[in-house]
Amino acid sequence: MADDRDGVPDNLVEVRGVHFTIGRRVIYESVDLDIARGRITAIMGPSGTGKTTLLRLISGQWRPAAGKVYFDGRHVAKLSQNELFDQRKRMGMLFQSGALLTDLSVFDNVAFPLREHTKLPERLIRDIVLMKLEAVGLRGARALYPAQLSGGMARRVALARAIALDPEMIMYDEPFAGQDPISMGVLLRLIRRLNDVLGLTAIVVSHDVKETLGIADYVYVISDGTVIDHGTPQQIRDSRSKWVQQFIHAEADGPVPFHYQASEPYANDLLEAKR
Amino acid sequence: MSALQRGFNTTTSWIADLGRGALFLLRILMSLPSLLLKPRLLVEQIYSVGVLSLVIVVVAGIFVGMVLALSGYRLLVGFGATEALGTSVALVVVRELGPVVTGLLFAGRAGSALAAEIGLMKATDQLSGMEMMAVDPVKRIVAPRFLAGVIALPLLTSIFCVMAIGAGGGYFVGVDMLGVDAGSYWSGIQSNVDFGEDIVNIFLKSGVFGAIITWVAVYQGYHAPPTSEGVSRATTNTVVIASLAILGANLMLTAVLFGSN
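Residues numbered from 1 in each chain as written. Chains lettered and ligands numbered in written order. Predicted model: local features only at pLDDT ≥ 70, side-chain atom pairs only at ≥ 80, totals over all residues.

1. Focus: the overall build of chain B
Piece 1. The secondary structure content of chain B amounts to ten helices and zero strands.
Piece 2. When its helices and strands are written in sequence order, chain B yields α-α-α-α-α-α-α-α-α-α.
Piece 3. Along the first, second and third principal axes, the C-alpha set of chain B runs to 65 × 50 × 35 Å.
Piece 4. Looking at chain B as a whole, 43% of its 261 residues qualify as buried.
Piece 5. Partitioning the intrachain contacts of chain B with sequence separation of at least 6 by distance along the chain shows that 86% fall at a separation of at least 24. (Helix = DSSP H or I, 4+ residues; strand = E, 2+ residues; numbered from the N terminus. Buried ≥ 20, exposed ≤ 12 C-beta atoms within 10 Å, placed from the backbone. Contact = placed C-beta atoms within 7 Å.)

2. Side note on the environment of A99 of chain A
Piece 1. With respect to the helices and strands, the residue A99 of chain A is situated in the loop between β6 (91-94) and α3 (106-117).
Piece 2. C-beta crowding within 10 Å serves as the criterion here: with 27 such atoms nearby, A99 of chain A is assigned to the buried category.
Piece 3. Once the C-alpha coordinates of A99 of chain A and Q148 of chain A are considered, the two residues, 49 residues apart in sequence, prove to be 14 Å apart.
Piece 4. In this structure, A99 of chain A is in contact with A158 of chain A together with T124, D125, Q126, S128 and G129 of chain B, ignoring residues within four places of it in sequence.

3. Considering the interface of chain A and chain B
Piece 1. Between chain A and chain B, the residue contacts involve 14 residues of the former and ten residues of the latter.
Piece 2. Elements that contribute at least two residues to the side of chain A that touches chain B include exactly α2 (81-88) and α3 of chain A.
Piece 3. No other element matches α3 of chain A, which puts four residues into the side of chain A that touches chain B.
Piece 4. Its residues assigned to classes, the side of chain A that touches chain B comprises seven nonpolar, four polar and three charged. (Nonpolar A, V, L, I, M, F, W, Y, C, P; charged D, E, K, R; others polar.)

4. Observations concerning the domain arrangement of chain A
Residues and elements named next belong to chain A.
Piece 1. When cut into domains, chain A gives domain 1 (11-90 + 169-272) and domain 2 (102-166).
Piece 2. When each unit is reduced to the centre of its C-alpha atoms, the spacing between domain 1 and domain 2 is 27 Å.
Piece 3. The partner domain 2 presents eleven residues to the eleven residues of domain 1 that form the contact.
Piece 4. With five residues, helix α6 (residues 181-198) is the single largest residue contributor to the side of domain 1 that touches domain 2. (Domains from an automatic or database assignment.)

5. Focus: the nonpolar core
Piece 1. Among the nonpolar cores identified, the biggest contains 140 residues, and I170 and M171 of chain A are the most heavily contacted of them.
Piece 2. Ranked by residues supplied to this core, first place goes to helix α4 (residues 85-123) of chain B with 16 residues.
Piece 3. Taken domain by domain, the makeup of this core includes at least three residues from each of domain 1 (11-90 + 169-272) and domain 2 (102-166) of chain A.
Piece 4. In this structure, M171 of chain A is in contact with L55, I58, S59, M91, M93, L94 and I203 of chain A, ignoring residues within four places of it in sequence. (Core = buried A, V, L, I, M, F, W, Y, C linked by C-beta atoms within 7 Å.)

6. Regarding the sheet that holds β6 of chain A
Residues and elements named next belong to chain A.
Piece 1. Across the sheet, six strands lie side by side as β6-β7-β8-β3-β9-β10; this open sheet has mixed pairing. Strands at the two margins of the open sheet, each flanked by one partner only, are β6 and β10 (226-231). Direction aside, the axes of adjacent strands within the sheet are offset by 15° on average.
Piece 2. The strands touched by helix α5 (residues 151-162) within the sheet are β6 and β7 (169-173), with β6 carrying the most contacts at an inclination of about 170°. (Pairing = 2+ DSSP bridges. Axes fitted to C-alpha atoms, helices over the stretch in contact; angles between N-to-C directions.)

7. Things to note about the sheet that holds strand β1 (residues 11-22) of chain A
Within a sheet, neighbouring strands are paired by backbone hydrogen bonds and run either parallel or antiparallel to one another.
Residues and elements named next belong to chain A.
Piece 1. Reading across from one edge, β2-β1-β4-β5 is the order of the four strands in this open sheet, with antiparallel pairing throughout. Edge positions in the sheet fall to β2 (25-36) and β5 (74-75), since each of these pairs with one other strand and no more.
Piece 2. Packed onto the sheet, helix α1 (residues 51-59) meets β1, β2 and β4 (66-71) and runs at close to 115° relative to β1.

8. Here we look at the packing of α5 of chain A against α6 of chain A
Residues and elements named next belong to chain A.
Piece 1. The interhelical angle for the contact between α5 and α6, taken along N-to-C directions, is 15°, at an axis separation of 10 Å. Considered as vectors, α5 and α6 are oriented roughly parallel to each other. Here α5 and α6 pass one another in a crossing that is left-handed. Of the residues in α6, those in contact with G152, R155, R156 and L159 of α5 are S183, V186, L187 and L190. (Parallel < 35°, antiparallel > 145°, perpendicular 65-115°, else oblique. Left-handed = near helix turned anticlockwise from the far one by under 90°.)

9. Regarding the confidence of the model for chain B
Piece 1. Summarising the model, chain B shows a mean pLDDT of 91, and 98% of its residues fall at 70 or more.
Piece 2. Complex prediction metrics read pTM 0.85 and ipTM 0.81. (pLDDT = per-residue confidence, 0-100.)

10. What to know about helix α1 (residues 3-31) of chain B
Piece 1. Between its first and last C-alpha atoms α1 of chain B spans 42 Å; for 29 residues at 1.5 Å apiece the expected length is 42 Å, and the two agree.
Piece 2. Sparse coverage of α1 of chain B is indicated by the burial of one of its 29 residues. (Expected span 1.5 Å × (residues − 1).)

11. Observations regarding the confidence of the model for chain A
Piece 1. Mean pLDDT for chain A: 86, with 95% of residues reaching 70 or above.
Piece 2. The low-confidence segment residues 1-9 of chain A, where pLDDT is below 50, has 14 contacts with residues more than four positions distant or belonging to other chains.

12. Side note on the pairing of β10 of chain A
Residue and element names in this part refer to chain A.
Piece 1. By the bridge criterion, five bridges tie strand β9 (residues 218-223) to β10 in an arrangement that is antiparallel. The residue of β10 that forms the bridge with V219 is G231.
Piece 2. A loop of two residues connects β9 with β10, the two strands running antiparallel in sequence, and D224 in this loop sits at a positive phi of about 50°.

Structural data, given as structure tokens:
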């Protein structure tokens, strides 16, 4: 974990005893985790374990039923809407879908947060947007609309938009899902480079084991509403947890069963029709 | 679950929905002053919900005016009172049919489009994306659409009325085709349609209808489940609820505005 000058862990985000439910379904039961400043922290786990939910809790879009989420020492659930919006200006989020505004061009999408939150002259906004688009390799696509972009391009535009206000932290929601090898390689390099060059804190939510372990500084593995293991990528690879081993080696059966639990044994189900 | 229990659950769900809708309306109203800083958003939406609804309103106005003149003439000719055709067409259009028919058309054309647009923005994470960029979607997306509806519907209603009464609609059938005297057609309208009572009330009624339709539409879209089925249901609900609400509100407004006469 990152240490500040006094040797105390310097976490930008701290999640303490968070409990969260959607309807009757329990998503999190007493989850604790830390996101170190200036590092890439990966949150891994199978689909449907609430990884994206965690990002929404950190950003204050949702509030936990119990427990606390701190961003830079401030209790997120207790912030007023204005304070929350001020805090969100310090973080960017890359949605799985890109979440680009479909009626705006690529240029206007990246300019959107600048026009909303700054009083910069249009000429300066133009320069900033072109610099952000150049950083993701899409300066030439500025006149296109989201419908004209491939999935990988849309995610890169969304990344340019997420860094438009120079945030301290970026949350990546499944950045590698559905990407071809070239797009994936580009995204991997971009995430690593943003972290190395700008010193951004990054949270990468993903179930793509190889890619995520390749760029993360620290990894949390989540399943069934709790953190089942955490450590550096090497520690996760060497984990003794059978669950973690099944997950990182993509084994079909193990602690996570291949079969969804059925109420009747297989033979009984088949014979039932003959009765 | 018994029928009684189901009925109770449906009723409480309706009341809860109404409460959420009222709170949402309050949030929209509190967001309206922010439009003063960004009038371009409002102008864009007036174009989208108003100007783009013009064709359907103009065509419907012409046909409604023609039908009213035709059936009105058949009724009046039996009493030898065809000179009252202009008055009868004008009063029916101005007091009732204009605001109600334009409102129903607006609910079908603009209301459904608003619900689908906002619902799809939600389903594709555009609203969440805005929130994450510290932009309030109610201020940026919902409030301009709501106010545009309140402004556009009275204007569309007045255009509908002009089309129904004027040269393309009632006048064309009554005067040009059926031979009613042009002077009595216009003078009847001039002497019987009161500015303060009728014309001002058109704007009042249609302003209320505009608020109801866009309120229902933006609420349904904003709270739609983020799935294709959810958006489709929100669109249908908008047209059904807004249409029924207009008819109900029309009865109450007519009783209040014209009930004492």
